[in-house]
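Chain by chain, the residues run as shown.
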Amino acid sequence: MSAYSDEARIDREIQVLFRRLPIAVGHASELARPGDFITHDASGVPLLVVRRDDGGVDAFVNVCRHRGTRVEPAPRGNKRAFSCPYHGWTYGKRGQLVTIPHERGFACVDKTTRGLVRVAAGEAAGLVFVTPSPLSPDEDAALDARAWLGPLAADLEGFGVASSVSYAPRSVERALSWKLAIDIFLETYHLRPTHKETIYPMFFDNLGLVDRSGPHLRNVFPKRTIKELAHVPESTWTLRAHANVLFHLFPNTLVLVQPDHAAVLHVWPNGAGRATVTSYLLVPEPPDSEKARGYWDANAAVLYGATDEDFAMGESIQRGVASGANREVVFGAFEHALAHFHGTIAERTRDA
Ligand code: FES
Ligand SMILES: [Fe+2]
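**With respect to helix α1 (residues 7-20)**
With 14 residues, α1 should reach 20 Å at 1.5 Å per residue; the first-to-last C-alpha distance of 19 Å fits that figure. What α1 keeps buried is the set Ile 10, Glu 13, Leu 17 and Phe 18. Lining the buried residues of α1 we find β1 (23-27), β16 (262-269) and α7 (336-351).

**With respect to the packing of α1 against α7**
The description of two packed helices rests on the angle between their axes and on the distance between the axes. Running from N to C, α1 and α7 point in directions that differ by 80°, and their axes come no closer than 10 Å. When the axes of α1 and α7 are compared, the pair comes out roughly perpendicular. Between α1, through Arg 12, Glu 13, Val 16 and Leu 17, and α7, the contact on the second element is made entirely by Ile 345, Arg 348 and Thr 349. Here the residues of the contact of α1 with α7 are counted per class, giving three nonpolar, one polar and three charged.

**Digging into α7**
Under the 1.5 Å per step criterion, the end-to-end length of α7 is 22 Å for 16 residues, consistent within 8% with the ideal 22 Å. For α7, every residue scored as buried is listed here: Ala 337, Leu 338, Phe 341 and Ile 345. Down the axis of α7, the sector holding all buried residues measures 110°, keeping them to one side. Along α7, exposed side chains directed more than 90 degrees from the buried face belong to Gly 343, Ala 346, Glu 347, Arg 350 and Asp 351.

**Points about the domain arrangement of the chain**
In terms of domain boundaries, the chain breaks down into domain 1 (20-151) and domain 2 (155-351). In this structure, domain 1 and domain 2 have C-alpha centres spaced 30 Å apart. Listed as interface residues are 13 residues of domain 1 and, on the opposing side, 21 residues of domain 2. Among the elements that line the side of domain 1 that touches domain 2, the one with the most residues is β1, at three residues.

**Quick notes on the sheet that holds strand β5 (residues 76-78)**
Pairing is antiparallel in the open sheet, where seven strands are placed in the order β1-β10-β9-β4-β3-β2-β5. Unpaired on one side and paired on the other, β1 and β5 mark the two borders of the sheet. The average angle at which neighbouring strand axes cross in this sheet is 25°, direction not considered. In the sheet, strand β2 (residues 36-40) pairs with strand β3 (residues 47-51) via four bridges, with the strands oriented antiparallel.

Rules used in this analysis
Residues numbered from 1 in each chain as written. Chains lettered and ligands numbered in written order. Predicted model: local features only at pLDDT ≥ 70, side-chain atom pairs only at ≥ 80, totals over all residues. Helix = DSSP H or I, 4+ residues; strand = E, 2+ residues; numbered from the N terminus. Expected span 1.5 Å × (residues − 1). Buried ≥ 20, exposed ≤ 12 C-beta atoms within 10 Å, placed from the backbone. Contact = placed C-beta atoms within 7 Å. Axes fitted to C-alpha atoms, helices over the stretch in contact; angles between N-to-C directions. Parallel < 35°, antiparallel > 145°, perpendicular 65-115°, else oblique. Nonpolar A, V, L, I, M, F, W, Y, C, P; charged D, E, K, R; others polar. Arc of directions from axis to C-beta. Domains from an automatic or database assignment. Pairing = 2+ DSSP bridges.

This is how it looks when you write it as structure tokens:
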């Protein structure tokens, strides 16, 4: 059970998985126009992610190169330059240091060497990925996120994930290991008891298909309506109308494809026994009427209601970890995706 409680073990996961792998920090629609930015702190590294004029993304450590103040305080916005609130050192959109007030006091400072520190950034399937480790100036900041996702990038694009826009974001902190927050999405064995009154009636009891793709997973959860398709030509139906498709992008992102939209969850460790979950819907276009907002708000309520049922089970496990009742957990045959997830964590943290 130390997987869920050992501070040193989870700190190593943070240092290896959450610092050296491409981690999704948001959706491209949050950075639609040049100069659009988000700040992001949940990985443990304060980040500033900016849309470039040429359409690419840059990411920087959001720390001033003078005395280390947080440069950009806002969660999001659009700017031509970023000015440190302490003494006013100002950085351009590409992170370059442009202004030092009373510059004569810094005669020996070469401005070209004091730009914001970069981290690697790139996009794939509409998700913005960052490797949250500071780069030295001679290191390449381009991140090949498509290569990291492999064939799943085209899958996600096929489901419209890249062309959607984020809606109804929510961030919650829960008293459970980041791995428990992922575990519960990787099997349908829990569906009937845990979600009996909510989403279970749409699905089958304990039925899911799992494909592995490198460190990632693709899960298909058929709905009961799929039975109606047995004698219907395949060219006339779509999978997403009759099954949810859940992508687990290792280590901490889940993309749940539903009939007319998707949902994204990013899980962030806060020490061993706590996690922050940031989630949002991905809808085809920004809702522009009360009716459209009401429709997507209702979908968000179903999602957040079901995930709260999941996290309640995870928190229950977390409380049980300390009891000493279980020296290890048992993964049944229907829970092999969890074995893949934990096996991949073990392999990646051991090899690193
Ligand atoms: S710490 Fe940023 S300008 Fe001084
Ligand atoms: Fe669940």
